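Here's the letter readout for the chains.
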Amino acid sequence: MVTLFLLISALSPELDSLLMKAIDYSYVEDFSYAESLITVVKNREPDHPAPYFLLASLYEMMWVDLGVLLYKEKMFIYADSTSDKGKKWAKENPDDPWGYFFIGGSYTLKIFYYVIREDYFGAIFLINPAVYYLEKAKDIDSSLADVYLGLGSWEYVKGSFPFMGKDKEKGLAMIKKAITGGKYVSLYSALAYANISIKEADYDEAIAILEPLIDFYPYSRTFNWPLLKTYYGKKEYKTALDIADKLIIISSSNNYSKFEAYYYRAMILLELSRLEEVLINVEAALNLKINEDMLHVKEIKKDIIRIKREVERKLGEV
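Just so you know, these numbers come straight off a predicted model, no measurement behind them.

Reading the values: rules and limits
- Numbering of residues starts from 1 in every chain and runs along the sequence as written.
- Selection of residues for local features in this predicted model requires a pLDDT of at least 70, selection of side-chain atom pairs for listing and counting requires 80 or more, and totals for whole chains, interfaces and linings are taken over all residues.
- The side-chain numbers reported here are obtained from all heavy atoms of the structure, hydrogens and water having been left aside.
- Numbered from the N terminus, helices here are DSSP runs of H or I no shorter than four residues, and strands are runs of E no shorter than two.
- Think of each axis as a best-fit line through the C-alpha atoms, taken over the contacting stretch in the case of a helix, with angles from 0 to 180 degrees between the N-to-C directions.
- Note that the term roughly parallel is reserved for angles under 35 degrees, roughly antiparallel for angles over 145, roughly perpendicular for angles of 65 to 115, and oblique for everything else.
- Crossings are assigned a handedness: left-handed for a near helix turned anticlockwise from the far helix by less than a right angle, right-handed for a clockwise turn.
- We call two residues contacting when some pair of their heavy atoms lies within 4.5 Å.
- The residue classification treats Ala, Val, Leu, Ile, Met, Phe, Trp, Tyr, Cys and Pro as nonpolar and Asp, Glu, Lys and Arg as charged. All others, Gly included, are polar.
- Only buried residues count toward a nonpolar core. Its members are Ala, Val, Leu, Ile, Met, Phe, Trp, Tyr and Cys residues joined through side-chain atoms within 4.5 Å.
- Exposure categories follow from relative accessible area, calculated using a 1.4 Å probe and restricted to protein chains: below 20% of the type maximum is buried, above 50% is exposed, and the middle band is partly exposed.
- Put simply, a patch holds well-exposed residues, over 30% relative accessible area, that have no salt bridge, with like charges counted together within 9 Å and Val, Leu, Ile, Met, Phe, Trp or Tyr side chains within 5 Å.
- Values of accessible area rely on a 1.4 Å probe in the Shrake-Rupley scheme; residue burial ignores everything except the protein chains shown.
- Just to be clear on terms, a salt bridge is a Lys or Arg side-chain nitrogen sitting within 4 Å of an Asp or Glu carboxyl oxygen.
- An expected span of 1.5 Å times one less than the residue number is assigned to each helix.
- We call two N or O atoms a polar contact when they sit within 3.5 Å, provided that within protein one can donate a hydrogen and the other can accept it, with sequence-adjacent residues counted only if both atoms are side-chain atoms.
- A pair of Phe, Tyr and Trp rings is counted when the ring centres sit within 6.5 Å of each other, with Trp represented by its six-membered ring. The angle between the planes then sorts it: under 30 degrees is stacked, over 60 is edge-to-face, the rest tilted.

Just to check I follow, could you spell out the environment of Glu312 for this structure?
Examined against the element boundaries, Glu312 turns out to sit in helix H16 (residues 297-317). Spatially, the C-alpha atom of Glu312 lies 8.5 Å from that of Leu275, the residues being 37 residues apart in sequence.

Even after reading the chapter, I still don't get the packing of helix H12 (residues 221-233) against helix H14 (residues 255-271), so can you show me in this structure?
Angle between the axes and distance between the axes: these two values describe a pair of packed helices. As a packed pair, H12 and H14 sit with axes 12 Å apart at the nearest point and diverge in direction by 20°. On the basis of their axis angle, the class for H12 and H14 is roughly parallel. Considering the relative orientation of H12 and H14, their crossing is left-handed. Residues Arg221, Trp225, Leu228, Lys229 and Tyr232 of H12 touch H14, and the partners they reach there are Ser257, Glu260, Ala261, Tyr264, Met267, Ile268 and Glu271. Residues of the contact of H12 with H14, tallied by class, amount to seven nonpolar, one polar and four charged.

When you look at the nonpolar core in this model, what are you seeing that I'm missing?
Generally speaking, soluble globular proteins have nonpolar side chains that are buried together. If you look at the biggest cluster of nonpolar residues, it comprises 116 residues, and the most contacted ones within it are Phe101, Tyr184, Phe223 and Leu228. For Leu228, the residues in contact, after removing those within four places along its chain, are Ala240, Ile243, Ala244, Leu247, Tyr264 and Ile268.

It is not clear to me how a nonpolar patch on the surface should be interpreted in this structure. Could you clarify?
There is a patch of nonpolar side chains on the surface, built from Phe121, Ile124 and Phe125 and spanning about 370 Å² of accessible area. Topologically, Phe121 is positioned in helix H7 (residues 120-140). With relative accessibility at 58%, the residue Phe121 sits in the exposed group.

What exactly am I supposed to notice about H14 here?
The periodicity of an α-helix, 3.6 residues per turn, causes residues three or four places apart in sequence to face the same way. The end-to-end C-alpha separation of H14 is 24 Å, in line with the 24 Å expected for 17 residues at 1.5 Å each. H14 sits mainly inside the fold: 15 of its 17 residues count as buried. The N-capping residue of H14, defined by a side-chain oxygen 3.2 Å from the backbone nitrogen of Tyr256, is Asn254.

Quick question: what am I supposed to make of the packing of aromatic side chains here?
Between two aromatic rings, the relevant description is the distance of the centres plus the angle of the planes. According to the stated counting rule, one finds 26 aromatic pairs in the structure shown. Relative to Phe223, the ring of Tyr27 lies with its centre 5.2 Å away and its plane at 5°, an arrangement referred to as stacked. You can see Tyr27 sitting in the loop between helix H2 (13-26) and helix H3 (31-44) and its partner Phe223 sitting in helix H12, a full 196 residues away along the chain. An identical accessibility class is assigned to Tyr27 and Phe223; each is buried. With centroids separated by 4.8 Å and ring planes inclined at 50°, the aromatic side chains of Trp63 and Tyr113 adopt a geometry described as tilted. One end of the pair, Trp63, is in helix H4 (residues 49-66); the other, Tyr113, is in helix H6 (residues 97-116), with 50 residues separating them in the sequence. For the pair shown, Trp63 and Tyr113 are each scored as buried.

Can you help me understand the pattern of salt bridges in this one?
By the definition in use, this model includes 22 salt bridges. Between Glu155 and Lys158 there is a salt bridge, with the nearest N and O atoms lying 3.3 Å from each other. One end of the pair, Glu155, and the other, Lys158, are both in helix H8 (residues 147-158), three residues apart, so they sit about a helical turn from each other. Its salt-bridge partner being Lys314, residue Glu310 comes within 3.2 Å of it at the nearest N-O pair. Here the residue Glu310 and the residue Lys314 both occupy positions in helix H16, the gap between them amounting to four residues, near one helical turn. A residue is classified by how much of its surface remains accessible, and Lys314, at 31% relative accessible area, is partly exposed. Overlapping salt bridges, with partners in common, bring together Asp303, Arg306, Glu310 and Lys314 in one network.

Sorry, what's going on with H7 here?
End to end, H7 covers 30 Å across 21 residues, agreeing with the expected 30 Å (1.5 Å per residue, within 8%). Every buried residue of H7 is listed here: Gly122, Ala123, Leu126, Ile127, Ala130, Val131, Tyr133, Leu134 and Ala137. Along its buried surface, H7 packs onto helix H5 (69-92), H6 and H8.

I'm lost on the side chain of Arg221 in this one. Help?
Position of Arg221 relative to the elements: it lies in helix H12. Polar side-chain contacts of Arg221 include one of 2.8 Å to the backbone oxygen of Ile250. Arg221 has contacts with Glu29, Phe31, Asp65, Pro226, Leu247, Ile250, Ser251, Asn254 and Ser257, leaving out every residue within four places of it along the chain.

Have a look at this one:
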C-alpha cells in the first residue's frame, strides 16, 4: 500500500488541490479556468504525468461539449504526452502503479473518443495496450480504483459477446468501484456508467447516478445531457422538457449544445402533440449558425428537417 502514494506525494498538497479544483470546474464547463489550473501544475511539475492526463481529459470534454475539432487534436497530443511521461515515470519508479495507470489511461481516453464517434474499428488497436498497462497497475496495487474505469469498460464490452453476459455485470461493478474510489476519474466513471445504463434502457439506474451529481453541479451540461436522454428514453416527457429548457438556458453561449437541445425539445413536443411549438423549435435549431462537420450535426439536421415536414403535413391535414 505504500506504493499507492508514491506518485501522488510527488505533487505538493497545493498542486494536488489545484488538479482536484480543475476537475470540478471542468464539470461546470468553466473550461478556461480548469485549463489554467492544470497548466500551473504542468509548468511547476513538467515531468509529472497527471497534468497531461487531465489536460487530455479536459480537451476530450471540450470536444464533446463544444463540438470543436481543434480540441480533439489537442486531446490526442496530450494523451500522447501522458503516455510518454508515464513511461518515463514507470521506468524510474517501477513499483509505483500510477505511472502504469497514466499510460493505460492515455489509451483509454483515445478509445472513448472512437466510441463516442461510433468508430469501433479505430478503438480496436488501442484496447490491448490500455488493458496491459491498467492490469500492470492493478497487479501492483489492486486498491488503485482509477484503473477500474478502463478495465471495467473492457469487461462490459466483452459481456456484449455471445455467452459472456456475466462479464457485463463484472464490468459495471468495476466501473462503480472507480466511481466510489477513483481519484482522477471518479466523475468520468459516473458519466460512463450513466451512459451505459441509458444504452441498456436501465433508466432508473442512470437517474440514481445522475441526480445526486446534478444536485452538486446543477448547471453542468455534461450531466444534464444524459439526464435529459434518460427521461426522454423513459418517456417522462414533462420532466424531459424541463431539462431541455434548462439546457437551452445554460447553453446560451454554446450553439452546438443549444442546437441539440432545441432538437430534443422538438422531439418531446412532438410526443406531446404540441405541433405548433414543434415548428418553433425546429426553426430555432435550423437558424443557429453551426458547423455541419461537428459531431452528429448532419444526422440531427437531417432528422430535424424530417420532423418539420411531418409536422407541416399533419398541420395541413387539420
